[in-house]
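Structural features, examined
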Number of protein chains: 2
Amino acid sequence: MSGGQAGAGRGRPGGGQFGPTQSGRERPGIARTDRPVDDLLIRGGSVVSVLTGETFEADVAVRGDRISAVVAPGTPREARERIDARGQLVVPGFIDSHMHVESSFLTPAGFAALTLPRGTTTVLADPHEIVNVCGADGLRWMLDEGRRTPQTMLFGVPSCVPALPGFEVAGAELGQSDVEALLDLPGVVGLGEVMDYRAVVSGDARMAGVVGAARDRGAIVDGHCPGLTGAELSEYLALGIDSDHTKNPVPVVVEKARLGMHVQLQEKSLSAELFAALGALPMRPPISLVTDDIAPDAILARGHLDHIARRAVELGMPPLEALRAITLTPAGRLRLHDRGSVTPGRRADLVLLRDLPAFAVETVVTGGRVVARDGGLVEGVPGIADAVSRPATASDASDGGTPFGDTVRIAPPDAATFRWRTTAPDGPRRELAIRVNAVDTSTRIDSVEVEVRDGVVRLPPDTALLTVIHRHGVAPGQAFAPVVGLDLGDGAVATTYAHDSHNLLVLGTSAESMAAAASAVVRARGGIAVARGGTVVALLPLPVAGLMSEAPAEQVAADAGAVRAALDEWGYRHANAFMSVSTLALPVSPSLKLTDRGLVDVERRAWAVAGEGA
Amino acid sequence: MSGGQAGAGRGRPGGGQFGPTQSGRERPGIARTDRPVDDLLIRGGSVVSVLTGETFEADVAVRGDRISAVVAPGTPREARERIDARGQLVVPGFIDSHMHVESSFLTPAGFAALTLPRGTTTVLADPHEIVNVCGADGLRWMLDEGRRTPQTMLFGVPSCVPALPGFEVAGAELGQSDVEALLDLPGVVGLGEVMDYRAVVSGDARMAGVVGAARDRGAIVDGHCPGLTGAELSEYLALGIDSDHTKNPVPVVVEKARLGMHVQLQEKSLSAELFAALGALPMRPPISLVTDDIAPDAILARGHLDHIARRAVELGMPPLEALRAITLTPAGRLRLHDRGSVTPGRRADLVLLRDLPAFAVETVVTGGRVVARDGGLVEGVPGIADAVSRPATASDASDGGTPFGDTVRIAPPDAATFRWRTTAPDGPRRELAIRVNAVDTSTRIDSVEVEVRDGVVRLPPDTALLTVIHRHGVAPGQAFAPVVGLDLGDGAVATTYAHDSHNLLVLGTSAESMAAAASAVVRARGGIAVARGGTVVALLPLPVAGLMSEAPAEQVAADAGAVRAALDEWGYRHANAFMSVSTLALPVSPSLKLTDRGLVDVERRAWAVAGEGA
């Protein structure tokens, strides 16, 4: 008896009885469920807390797709499966908050097969490559394919299709109502990178409408604004566009962080100077490491987010901050409150590492299930096992077997296609030229002295010819421009992977090599080819929308490696040759770019005219 | 001319014309909107970035309810209204991620009037006090009242009404289906603190159902688990309950932070030892400062979140971290991605401070509008101006004029009500006693030697009598317990604000004083009274649900101050006397508490029985 309780035992209308005399000391009427057995128990490892930065010995238990406990090592627990993690670190699955699946030249299944063993368990993909080619159907297909894999593959709706309306013709156009309808699809969490930042800061109503529609839905709005600063940066942010993954001068990165831009650093943005500047700030702003565009041979050889994190650490980012920048911080950016840390209640996306600064991935768990070990997938991973048994290469398959296998809607071009005809009078004249650099994808505005003879423009010997040919069958068009800054022998590269409209881009020093490379690509129903002396020396077939392949990742990586080597041998030496070539057609990336309609002065968002803007 | 464009001018089906010859260098067909004039321009101040920790001179422009620009000082901009902020810091509005409006004894309008001038612009309120009294109607009324004020007042659905079912009878009960229906109300963002942590960790199915329903909706789930640690903490977190605002030993705070619990520190939790421990961690975990329960006289005298931040800094929290802990971090916790920093695109909730470590608030802007200056509201703030013109005190008003003015459904009790009758035989016996401390609201289990004479328990002289009387008219009940640890003269305190069932709690040393205080409270239709020598010496009328007053904040604060002073004079000396008294009835707060049904052993979640658990 705890003392006389005047009211005890009188009961409550419709309820149970009260007081210790009625039901003993146990609480009356509560339903209990037995603690369920865990599905997986990871024993003996050390957990790295991305919250406190501590590393501590703990067992990690998983029930269903969630972490059910993080407890002292050796705590007795029943579990259906156990992993011995002695000597290993248990860290959260890696999260990429800005990337494009198409840059891997692989379909979602192939991408997951290649990157899950590297620890990437969640990505936000902006599928603007396929959507520029195939429209909304392309996004729906990516959603379906992504959902089948054990990687969480979320998507943004491409905001700029085409990238610069009025200056290029892609395979599709998305208007505001199209974007709004797609924002409501399951698996869509945001608006893809708003690349036409000039439109935004000049108050373009269409762009404001699209961004406003996303914001009203509470969607993430992804930015793209290289070098944007000051009052213009405020305008861009004020619209609600609050991330940027482009390369910026160090002071601009700090300005963007200070003003609330979620800073996303990709490999080309990493530098010792940047980490020194960030380290000198009184507080650490939220920063994510992202992959943006990485080719499959580079993923195989060097890694995915694990590689970016390693590079960041090499350049001075503290290892714990690098880990947070591929886990908790991007989870927050993606508003995925259910992941990003090894803590109870969160999704069981886990990576077992041999050590931290090296980000050496050994075992990968997604949704509570082991999907990769020792750099490779385990047997029978759903959504992937069936995908890799599809036709080996697109060129072997019939159109019917390849999704979006008919998007190259031109005939194999002959050498005459690669002669730059003009109505200008014969004689010497100065033409604007695109100056390429060997490090990043920006170009500079330059000019060269050309000679017009018989209505054909002839370039000086150290200059290559670039042409972009409309390939979607929407409205025929072709444009030309000289390219300088490269020391190329006889040869050419042709590609249908040419941001963002993905028309057929051909760069070369002879009409014969250009015709050979272009024809090989057209016959493969898309891809990238290099020709030397009029003969094709390397070909990567990309028959899925002219962008991707269903072949096994290793084969695609090998073909991509061969193309990269052929480019290099030809003289196209660049830190990221695929992106350098393919963005020659991207009219929202500084400074001078060529579309199927003409030469674009990106900064001024205008057709480039000789004598101005150089 | 940028070079001959083979396709230029051919046009596009249904689209515009292409190429420089058609429309010059301007992009064709884009709609432009002129940059609108700003509504407010805050000039000459220094912005504190809670992202990078930098303080930098900048002008802050506001358009509508959003920040439109943060730009170099003196940048020319048109604006309808200007504020000279020279010598001031511009920081984000303060955000409280865990609090109870009712603890201010004010309605939402009164609370906003009192705390907006202190810089509090957003709160997440758990209205479990009024809901324990009035049920779902209480929540709906709070939502409506809160929406009228310029403070963002978000609400959680009380998860535990009553706090400990089976051990107390409140004015209402919320079942799982009730909770689910309320979760969908606009303005509701989460599930209120899950206080019955013993039920959670023992696998109670009802609790799991309520929490699961909230989680399925993506709602925030607020915790309450003092001292919970180890495997039990994992169980609690695994259910998805991931914040805790209770007082914990320093190592438990660190454990909770490490395991992903959002740590919310209220004033009683702050200590130099804690900040030393947090400062020694390799990384800063997300931590919010919260107010939980603060009485109006304390808010007037010392402040609200500004006071907690000042205290934290005094005890060793770096000022920038304290600022982040009342802005960006709680915004993240509440998933309010639209606020928490002074950055373009975010909501214009701004505070102008004289200096940072002192958190001296001068001007407050919510949604782009100046609402407070120099410690007071500006004229005519909507939702507040009308509220303070309501009847001055509840005791002056008729029942009809007071919302929920009829919730004290008992007659004024006489002295006989405060004699502890028992069926135990006459003679000495040992009874369990509640031991109160002077610092926090936890109690310890103790016992005293009492004397039963003529069926009445007589206490030793250094012991007070506590009784809780059911006041809601649901099911009559009364229980008694001795209280030790206080050195009280003759007197009593009576209150209908008695967590969480808010029955009539009376603590005293004489039946006459207890009857006087209790009768005054009943006649006031709720409130808190102190009596000495059989006469009431202080009364705070709380006629709105027996919890709140519609009187002006200053008057309520003055009455509350008088009650506090009377308690102190009587000998009830405590850092937070209101909470200490009123939580004597809270059966989920350690360790021994009294409800209208009996004495509860909180840790064991069982009726307390002498000889066990002490």
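It is worth spelling out the overall build of chain A at this point. Scanning chain A from N- to C-terminus turns up 17 helices and 31 strands. A compact globule built from 614 residues should have a C-alpha radius of gyration of about 25 Å, and chain A, at 28 Å, falls within 12% of that. Each principal axis of the C-alpha distribution contributes one length, and for chain A these read about 115 × 50 × 45 Å. By the burial criterion, 66% of the 614 residues in chain A qualify as buried. Relative to all contacts within chain A whose residues are 6 or more apart in sequence, the contacts with residues 24 or more apart total 67%. Across chain A, 58 positive and 73 negative side-chain charges occur, with their mean positions spaced 6 Å apart.

Residue and element names in this part refer to chain A. Sheet architecture is open: three strands sit in the order β13-β14-β15, paired in parallel fashion. Both edges of this open sheet fall to β13 (243–244) and β15 (287–289), since each of them pairs with a single strand only. Alignment of strand β14 (residues 262–265) against β15, held across three bridges, turns out to be parallel. Bridge pairing links Gln-264 to Ser-288 in β15.

Let us now look at the pairing of strand β28 (residues 535–541) of chain A. Residues and elements named next belong to chain A. In the sheet, strand β27 (residues 527–532) pairs with β28 via six bridges, with the strands oriented antiparallel. Across the sheet, Gly-527 pairs through a bridge with Pro-541, a residue of β28. Taken together, β27 and the strand that follows it, β28, pair antiparallel across an intervening segment of two residues, in which Gly-533 is found at a positive phi of about 55°.

Note the cis peptide between Pro-590 of chain A and Ser-591 of chain A, where omega equals 0°. Position of Ser-591 of chain A among the secondary structure elements: in the loop between α17 (577–582) and β29 (592–595). A cis amide bond links Val-161 of chain B to the next residue, Pro-162 of chain B, at an omega of 0°. The residue Pro-162 of chain B is located in the loop between β10 (152–157) and α5 (176–183) in this model. Of note in the backbone geometry, Ala-545 of chain B takes a positive phi value of approximately 65° without being a glycine. Position of Ala-545 of chain B relative to the elements: it lies in the loop between β28 (535–541) and α16 (553–570). A relative accessible area of 0% places Ala-545 of chain B in the buried class.

To describe two helices that pack against each other, one gives the angle between their axes and the distance between the axes. Residues and elements named next belong to chain B. At their nearest, the axes of helix α9 (residues 250–258) and helix α10 (residues 272–279) sit 9 Å apart, and the two run at 40° to each other. Here the hand of the crossing between α9 and α10 comes out right-handed. Residues Val-250, Val-253 and Val-254 of α9 lie in contact with α10, whose contacting residues are Glu-273, Leu-274 and Ala-277. Residues of the contact of α9 with α10, tallied by class, amount to five nonpolar, no polar and one charged.

Residue and element names in this part refer to chain A. Taken over all residues, the pLDDT of chain A has a mean of 91, while the share at 70 or more is 91%. When the criterion is pLDDT under 50, residues 1–33 qualifies, and its contacts beyond four places in sequence or with other chains add up to 84 contacts. In the model, residues 389–398 has pLDDT below 50 throughout and makes 19 contacts with residues more than four positions away in sequence or in other chains. With a pTM of 0.89, the predicted complex shows an ipTM of 0.88.

Looking now at the nonpolar core. All names here are of chain B. Counting 163 residues, the largest nonpolar core has Leu-289 and Tyr-572 as its most contacted members. Top element by residues in this core is α16. It accounts for seven residues. The residues contacting Leu-289, other than those within four sequence positions of it, are Ile-95, Asp-96, Leu-265, Leu-270, Leu-305, Ile-308, Ala-309, Ala-312, Met-317, Ala-322, Ala-325 and Ile-326.

This paragraph deals with the state of the cysteines. According to the stated counting rule, one finds zero disulfides over all chains in the structure shown. Sulfur of Cys-225 of chain A: no disulfide; nearest cysteine sulfur belongs to Cys-160 of chain A and is 12 Å away. Sulfur of Cys-134 of chain B: no disulfide; nearest cysteine sulfur belongs to Cys-160 of chain B and is 18 Å away. The class for Cys-134 of chain B is buried, based on a relative accessible area of 17%.

The strands making up a sheet associate through hydrogen bonds between their backbones, and the pairing can be parallel or antiparallel. Taken in spatial order, the four strands line up as β5-β4-β1-β6 (chain B) in an open sheet, and their pairing is mixed. One side of each edge strand has no neighbouring strand; the edge strands of this open sheet are β5 (66–71) and β6 (79–84) of chain B. In this sheet, neighbouring strand axes are inclined to one another by 20° on average, regardless of whether the strands run parallel or antiparallel. Across three bridges, the pairing between strand β1 (residues 38–43) of chain B and strand β4 (residues 59–63) of chain B is antiparallel. Each bridged residue has a counterpart across the sheet, and for Leu-40 of chain B the counterpart in β4 of chain B is Val-62 of chain B. Its contacts with the sheet place helix α8 (residues 230–238) of chain A against β4 and β5 of chain B, and it is angled at close to 160° to β5 of chain B.

Here we take up the side chain of Gln-88 of chain A. With respect to the element layout, Gln-88 of chain A can be found in the loop between β6 (79–84) and β7 (89–92). Gln-88 of chain A sits in the buried class, given a relative accessible area of 10%.

Residues and elements named next belong to chain A. The end-to-end C-alpha distance of helix α4 (residues 136–148) is 19 Å, a good match for the 18 Å that 13 residues give at a rise of 1.5 Å each. Considered for burial, the residues of α4 that qualify are Gly-138, Leu-139, Trp-141, Met-142, Leu-143, Glu-145 and Gly-146. Buried residues along α4 sit in contact with α2 (108–115), α3 (128–134), β10 (152–157), α5 (176–183) and β11 (188–194).

In this section: the packing of α5 of chain A against helix α7 (residues 205–216) of chain A. Residues and elements named next belong to chain A. Relative to each other, α5 and α7 sit at 15°, their axes nearing to 10 Å. Considering the angle they form, α5 stands roughly parallel to α7. Note that α5 runs across α7; the crossing there is right-handed. Between α5 and α7, the contacting residues are Gln-176, Val-179, Glu-180 and Leu-183 on the first element and Arg-206, Gly-209, Val-210, Ala-213 and Ala-214 on the second. Grouping the constituent residues of the contact of α5 with α7 by class yields five nonpolar, two polar and two charged.

This paragraph deals with the pattern of salt bridges. Counted under the stated rule, the structure contains 75 salt bridges over all chains. Its salt-bridge partner being Glu-362 of chain A, residue Arg-354 of chain A comes within 2.5 Å of it at the nearest N-O pair. A residue is classified by how much of its surface remains accessible, and Arg-354 of chain A, at 51% relative accessible area, is exposed. On the accessibility criterion, Glu-362 of chain A (16% relative accessible area) is buried. For Arg-86 of chain B, the salt bridge is made with Asp-84 of chain B, and the minimal N-O distance between the two is 2.4 Å.

Conventions and cut-offs
- Residues numbered from 1 in each chain as written.
- Chains lettered and ligands numbered in written order.
- Predicted model: local features only at pLDDT ≥ 70, side-chain atom pairs only at ≥ 80, totals over all residues.
- Heavy atoms only, no water.
- Helix = DSSP H or I, 4+ residues; strand = E, 2+ residues; numbered from the N terminus.
- Rg over C-alpha atoms; globule rule 2.2 N^0.38 Å.
- Buried < 20%, exposed > 50% of the residue type's maximum accessible area, 1.4 Å probe, protein only.
- Contact = heavy atoms within 4.5 Å.
- Lys, Arg positive; Asp, Glu negative; His and termini not counted.
- Charge placed at Lys NZ, Arg CZ, Asp CG, Glu CD.
- Pairing = 2+ DSSP bridges.
- Axes fitted to C-alpha atoms, helices over the stretch in contact; angles between N-to-C directions.
- Left-handed = near helix turned anticlockwise from the far one by under 90°.
- Nonpolar A, V, L, I, M, F, W, Y, C, P; charged D, E, K, R; others polar.
- pLDDT = per-residue confidence, 0-100.
- Core = buried A, V, L, I, M, F, W, Y, C linked by side-chain atoms within 4.5 Å.
- Disulfide = S-S within 2.5 Å.
- Expected span 1.5 Å × (residues − 1).
- Parallel < 35°, antiparallel > 145°, perpendicular 65-115°, else oblique.
- Salt bridge = Lys/Arg side-chain N within 4 Å of Asp/Glu carboxyl O.

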